[in-house]
Amino acid sequence: MTGTDWAGWQQSWDRQQEWYMPDREERFRVMLDMVEALVGPKPRVLDLACGTGSITDRLLKRFPESTATGVDLDPALLAIAEGYFAGDERVTFVTADLKDPAWAARLPHDSYDAVLTATALHWLHSEPLTALYGQVAGLVRDGGVFMNADHMIDEATPRINAAERARRHAVMDRARTGGALDWAEWWALAAADPVLAGPTARRFEIYGEHADGDMPSPRWHAETLRTAGFGEARAVWASPSDTLLLAVK
Ligand SMILES: C[S@@+](CC[C@H](N)C(=O)[O-])C[C@H]1O[C@@H](n2cnc3c(N)ncnc32)[C@H](O)[C@@H]1O
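Now for a look at the structure at hand. (Residues numbered from 1 in each chain as written. Predicted model: local features only at pLDDT ≥ 70, side-chain atom pairs only at ≥ 80, totals over all residues. Heavy atoms only, no water.)

Each helix and strand counted, the chain has nine helices and seven strands in total. For 249 residues, the compact-globule formula gives about 18 Å, and the C-alpha radius of gyration of the chain, at 18 Å, lands near that figure. Per-residue burial over the chain gives 48% buried out of 249 residues. Relative to all contacts within the chain whose residues are 6 or more apart in sequence, the contacts with residues 24 or more apart total 74%. Taking the average place of the 25 positive charges on the side chains of the chain and the average place of its 37 negative ones, the gap between the two points comes to 4 Å. (Helix = DSSP H or I, 4+ residues; strand = E, 2+ residues; numbered from the N terminus. Rg over C-alpha atoms; globule rule 2.2 N^0.38 Å. Buried < 20%, exposed > 50% of the residue type's maximum accessible area, 1.4 Å probe, protein only. Contact = heavy atoms within 4.5 Å. Lys, Arg positive; Asp, Glu negative; His and termini not counted. Charge placed at Lys NZ, Arg CZ, Asp CG, Glu CD.)

The next point concerns the nonpolar core. Counting residues in hydrophobic clusters, the biggest one holds 43 residues, and the most contacted among them are Leu 46, Leu 48, Val 71, Trp 103, Leu 132 and Phe 146. For this core, the leading source of residues is helix α5 (residues 126-139), giving six residues. Residues in contact with Trp 103, not counting those within four places in the same chain, are Leu 46, Leu 48, Val 71, Ala 96, Asp 97, Leu 98, Leu 132, Gln 135 and Leu 139. (Core = buried A, V, L, I, M, F, W, Y, C linked by side-chain atoms within 4.5 Å.)

The next thing to look at is the side chain of Thr 4. Note on placement: Thr 4 falls in the segment before α1 (6-20). For Thr 4, the residues in contact, after removing those within four places along its chain, are Trp 9 and Val 195.

Let us now look at the pairing of strand β7 (residues 242-248). The buried fraction of β7 amounts to seven of the seven residues, a majority that puts the element mostly inside the structure. By the alternation rule, side chains of β7 split into Asp 242, Leu 244, Leu 246 and Val 248 and Thr 243, Leu 245 and Ala 247, which are all buried. Here strand β6 (residues 232-238) runs beside β7; their pairing, made up of six bridges, is antiparallel. In the strand pairing of β7, Ala 235 is matched with Leu 245. The turn linking β6 back onto β7 is made up of three residues. (Pairing = 2+ DSSP bridges.)

Near the ligand lie 19 residues; those nearest to it are Trp 13, Arg 24, Asp 72, Asp 97 and Tyr 207. One nitrogen or oxygen atom from the main chain of Ala 49 is found 3.0 Å from a nitrogen atom belonging to the ligand. Asp 72 places a polar side-chain atom, nitrogen or oxygen, 2.5 Å from an oxygen atom of the ligand. Alone, the ligand offers 590 Å² of accessible surface; in the complex the protein occludes 98% of this. (Near = heavy atom within 4 Å. Polar contact = N/O pair within 3.5 Å; in protein donor to acceptor, adjacent residues only side chain to side chain. Areas by Shrake-Rupley, 256 points an atom, 1.4 Å probe, with all protein chains shown as cover.)

Every α-helical turn comprises 3.6 residues, leaving residues that sit three or four positions apart pointing alike. Counted at 1.5 Å a residue, the expected span for α1 with its 15 residues is 21 Å, and the 22 Å between its end C-alpha atoms agrees. Taken together, the buried positions of α1 are occupied by Trp 6, Trp 9, Gln 10, Trp 13, Asp 14, Gln 16, Gln 17 and Trp 19. Residues of α1 that are buried make contact with α2 (24-39), α3 (54-62), α4 (75-84), α6 (158-176) and α7 (183-192). (Expected span 1.5 Å × (residues − 1).)

Right, let's talk about α2 for a bit. Under the 1.5 Å per step criterion, the end-to-end length of α2 is 22 Å for 16 residues, consistent within 8% with the ideal 22 Å. The complete set of buried residues in α2 reads Arg 24, Arg 27, Phe 28, Val 30, Met 31, Leu 32, Val 35 and Val 39. For α2, the elements touching its buried residues are α1, α3, β4 (112-118), β5 (140-151), β6 and β7. A positive backbone phi angle near 90° is found at Gly 40, which sits one or two residues after α2.

Taken in spatial order, the seven strands of this open sheet run β3-β2-β1-β4-β5-β7-β6, and their pairing is mixed. Looking at which strands have only one partner, the edges of the open sheet turn out to be β3 (91-95) and β6. Strand-to-strand twist in this sheet, taken as the mean axis angle between neighbours without regard to direction, amounts to 20°. Bridge analysis of strand β2 (residues 67-72) against β3 gives five bridges, and the strand direction is parallel. (Axes fitted to C-alpha atoms, helices over the stretch in contact; angles between N-to-C directions.)

This paragraph deals with the pattern of salt bridges. Evaluation of the coordinates by the stated rule reveals 18 salt bridges. Close ionic contact of Asp 14 with Arg 24 constitutes a salt bridge, the shortest N to O distance being 2.9 Å. Here Arg 24 lies in helix α2 and Asp 14 lies in helix α1, a separation of ten residues in the sequence. Look at Asp 14 and you get buried, because its relative accessible area is 5%. Under the relative-accessibility criterion, Arg 24 is labelled buried at 3%. Between Glu 25 and Arg 58 there is a salt bridge, and its shortest N-O distance comes to 2.7 Å. Of this pair, Glu 25 sits in helix α2 while Arg 58 is found in helix α3, placing the two residues 33 residues apart along the sequence. (Salt bridge = Lys/Arg side-chain N within 4 Å of Asp/Glu carboxyl O.)

Structure, rendered in structure tokens:
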């Protein structure tokens, strides 16, 4: 695998995700602010549905004494993560399906200071997500945190939601003229790469374009996390489309 520009793939993934979420980096910053505030600057972190490891990357740059386990099912994104972090003993990657009831048994630890996730759990329907939240509650130590930054839609505000969506898509359309890649174009590039072509074909066999899930409201996430065993849960950041939900065990 020598010769592959893993940092280049990591950056192009970030650019593609930022086209959908221009405030993605701010979300990560607030996430790590709250990690530091609640569990300190040397956390053991589980990067849930890590993709290429974007959260882990920000974590290790800001808190060099932290350690991370990244878990995901996508062989192509995990190949980029493993290439990019190769040789860094602070990081371990695990392949697992978060819908598999036994996924947590594959982790190298049974307890974490923080479980962090972004732009991923809307790939699950509410029922498997409720089960996953129960498992996450078991993995977070007492006093530890779970944070989920994702699209969370309040169905009680349809006019606000429609206006926000229309505005967001207009901004994205303008950004396209600047050469931003969308999801399908980014995956076409990965499929054309000699090293990533194999894992990319496998990820399309697993997911198709991407999995189908739900985007319940911030309130649903907070209530489900409290029912799962967290003592407190609420939003600590929000944009017009996204919420960063924090739960403390
Ligand atoms: C849009 S990406 C976000 C990745 C990363 N968290 C980020 O912010 O860049 C969604 C990720 O969720 C992962 N994912 C979705 N469903 C999953 C499942 N059932 N098990 C494991 N990973 C899953 C996908 O493989 C993908 O890497």
